[in-house]
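Structure at a glance
Listed below are the residues making up each chain.
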2 protein chains.
Amino acid sequence: MKNLNNIKVLAFDIFGTVVDWHSSIVAELNRMKIQVDANQFALDWRAGYRPAMDKTLTGEMNCVSVDVIHRLILEELLIKYNILHLSEKQKSDLNLIWHRLCPWADTVQGLNKLKDKYIICTLSNGNIRLLVDLAKYSNLPWDYIFSAENFYAYKPSPKTYLGVAELLDVKPNEILMVAAHHSDLAAARSCGLRTAYIERPLELGTTIKNNVSPCIDNDLHASDLLDLVDKLSK
Amino acid sequence: MKNLNNIKVLAFDIFGTVVDWHSSIVAELNRMKIQVDANQFALDWRAGYRPAMDKTLTGEMNCVSVDVIHRLILEELLIKYNILHLSEKQKSDLNLIWHRLCPWADTVQGLNKLKDKYIICTLSNGNIRLLVDLAKYSNLPWDYIFSAENFYAYKPSPKTYLGVAELLDVKPNEILMVAAHHSDLAAARSCGLRTAYIERPLELGTTIKNNVSPCIDNDLHASDLLDLVDKLSK
């Protein structure tokens, strides 16, 4: 582990890193008694996000909120899976599952410990209302919630990582970006932030083996947020 | 009290409404053993804020953070009061008292109760880092922190009040603006927000009688945040 004594801010990716979107969506589909391969439906819903987001980045789609993107993908999936009986209210409620995703078992305790020493914030492509709802749903004790909406740009745009530094009045290298995705961390690093990788082997459920191997470019590699607490206190 | 059943968001003014700037500054001047009429110094520091802010609104001054505005006023006051011995570090620390203002006695308990039922957020001209520090200093349990910095505009600009509605995905009349200042509430009301006035008779200390009379235009008038809890639960 490299020297991280100057870190003042921990900025967290959300989907997959802090909350378990896969099992939350599977549980919701089961709760709604929707007859479908819930595991694959959840994977498809999430997989549609990146291409849709890339369209907004290349200007093909106006910059819309993640809520809208999730709904567009949902409409396609309902047709693909031949689920045609849902009312508008049911579709709207189902789309809002992204506002009620459950945290990983270590998340709340880990964040509360980290908050004692650091400013802890989100840095997510999720819209502000979604991130507020997630925090309220699980008592996530954020000091600040940064969303793509704050910067009119989505990660991996440098505007997002550097925006956190500007608005919290710290230097980029005083921020530790915490994420379960190497691509997010690489983009943060290119802006001068420090990076911590969190292993989330079950992010994609149990049918897909998620590679959680270390990347030497990160400043820190932790098995979960409690391990991050330990490693930062050394 | 008018019908407020549809309210989803409580947006709070900060300086004077949630935190007691006057006594916090007096205490800090005393702690630093600065020989000065601390009561008057605090009043002057705060009084300088509105004219400086108005200059930014009329374009005479570039849109700068409240931290910078507080420092500019402080420099003038140190000359006016002939306090010429402070080091740069002492001046910088003194300026940061605005990040360590104490809450009123009812604030923390009141906010925690209100958070159970509503999204509670700040809407302040303070910069984000200042508001984050205030929240951390006193465990203010905000669901979101809205600052002038989010909107590139200061209250009473409509961009601020309407910005809260847009980013939290609610209608303006689903927001209750909570403040100890009728002017702030009037501006919120002109944007369609509902308004609650909080009495803070000691906002200006004990030497000035602060008029806390009701204004009939407000939807609600409360003696403090616990009284607000009671009145909203009726």
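All figures in this text were calculated on a predicted structure; none of them were measured in a lab. (Residues numbered from 1 in each chain as written. Chains lettered and ligands numbered in written order. Predicted model: local features only at pLDDT ≥ 70, side-chain atom pairs only at ≥ 80, totals over all residues. Heavy atoms only, no water.)

This paragraph deals with the interface of chain B and chain A. Contact residues are listed per partner, giving 17 residues for chain B and 17 residues for chain A. Roughly 1800 Å² of surface becomes buried between chain B and chain A when both sides are summed, with 57% attributable to carbon and sulfur atoms. Summed over the three residues of chain B that lose the most area to chain A, namely R129, K136 and Y144 of chain B, the buried surface amounts to 34% of that side. At the surface where chain B touches chain A, the tally comes to 2 salt bridges. Among the salt bridges present, the one from D143 of chain A reaches K136 of chain B, with a minimum N-O distance of 2.5 Å. Here chain B is connected to chain A by 13 residue pairs in polar contact (both at pLDDT 80 or more). A class-by-class count of the residues in the side of chain B that touches chain A yields 9 nonpolar, 1 polar and 7 charged. (Contact = heavy atoms within 4.5 Å. Buried area = accessible area lost by both parts, 1.4 Å probe. Salt bridge = Lys/Arg side-chain N within 4 Å of Asp/Glu carboxyl O. Polar contact = N/O pair within 3.5 Å; in protein donor to acceptor, adjacent residues only side chain to side chain. Nonpolar A, V, L, I, M, F, W, Y, C, P; charged D, E, K, R; others polar.)

Moving on: the environment of S233 of chain A. Along the chain, S233 of chain A turns up in the segment after α11 (225-232). Sequence separation of S233 of chain A and D133 of chain A is 100 residues, and the distance between their C-alpha atoms is 30 Å. (Helix = DSSP H or I, 4+ residues; strand = E, 2+ residues; numbered from the N terminus.)

Residues and elements named next belong to chain B. Taken in spatial order, the 6 strands of this open sheet run β3-β2-β1-β4-β5-β6, and their pairing is parallel. Only two strands of the sheet have a single neighbouring strand rather than two, namely β3 (144-147) and β6 (220-222). Across the sheet, the mean angle from the axis of one strand to that of its neighbour is 25°, orientation sign disregarded. In terms of strand pairing, strand β1 (residues 9-12) meets strand β2 (residues 119-124) through 4 bridges, oriented parallel. (Pairing = 2+ DSSP bridges. Axes fitted to C-alpha atoms, helices over the stretch in contact; angles between N-to-C directions.)

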